[in-house]
Amino acid sequence: MDLERVEATAGAVDPREGLRTALALRRLAERLEALHVARAREHGMSWAEIAVELQVTRQTVHKKHGRTSGPGRWDTER
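Residues numbered from 1 in each chain as written. Predicted model: local features only at pLDDT ≥ 70, side-chain atom pairs only at ≥ 80, totals over all residues. Heavy atoms only, no water.

### Let's talk about the environment of Glu30
Spelled out, the test is: Numbered from the N terminus, helices here are DSSP runs of H or I no shorter than four residues, and strands are runs of E no shorter than two. Three labels apply to residues, based on accessible area from a 1.4 Å probe with only protein chains included: buried if under 20% of the type maximum, exposed if over 50%, partly exposed otherwise in between. By the criterion applied in these results, polar contacts are pairs of N or O atoms within 3.5 Å in which, for protein atoms, one can donate a hydrogen and the other can accept it, and in which residues neighboring in sequence qualify only through two side-chain atoms.
Following the sequence through the fold, Glu30 ends up in helix α2 (residues 15-42). Taking relative accessible area as the criterion, Glu30 reaches 36% and is therefore assigned partly exposed. Polar contacts involving the side chain of Glu30 include one to the side chain of Lys64, which spans 3.0 Å.

### Observations regarding the nonpolar core
Considering soluble globular proteins, one finds that nonpolar side chains tend to be buried as a cluster. Selection rule: Residues grouped as a nonpolar core are buried Ala, Val, Leu, Ile, Met, Phe, Trp, Tyr and Cys residues, joined through side-chain atoms within 4.5 Å. By the convention used here, residues are in contact when the closest approach between their heavy atoms is within 4.5 Å.
Of all hydrophobic cores here, the largest spans 6 residues; its members are Val37, Ala40, Trp47, Ile50, Ala51 and Val61. Among the elements of the structure, α2 and α3 (47-54) are those that each provide at least two residues to this core. If one sorts the elements of this core by residue count, α3 sits on top with 3 residues. Leave out the neighbours within four places in its chain, and Trp47 touches Val37, Arg41, Arg58, Val61, His62, His65 and Gly66.

Shown next, in the form of structure tokens:
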């Protein structure tokens, strides 16, 4: 779902359309977070520094993004 469609359906009356929009936004947010956490780590930021920016604990961000290898970690084709 592209951004224009998300914006157009954000106030949808049909709950199914609204739910699909919420799902698309959640998936986009997860991919965006994963991308920028990876970039932050590549630039030498610590888990604690990243956690401050995301307003979560270091343990939370490390548990969620700590895996550094494996298939599909940063795939955008989900």
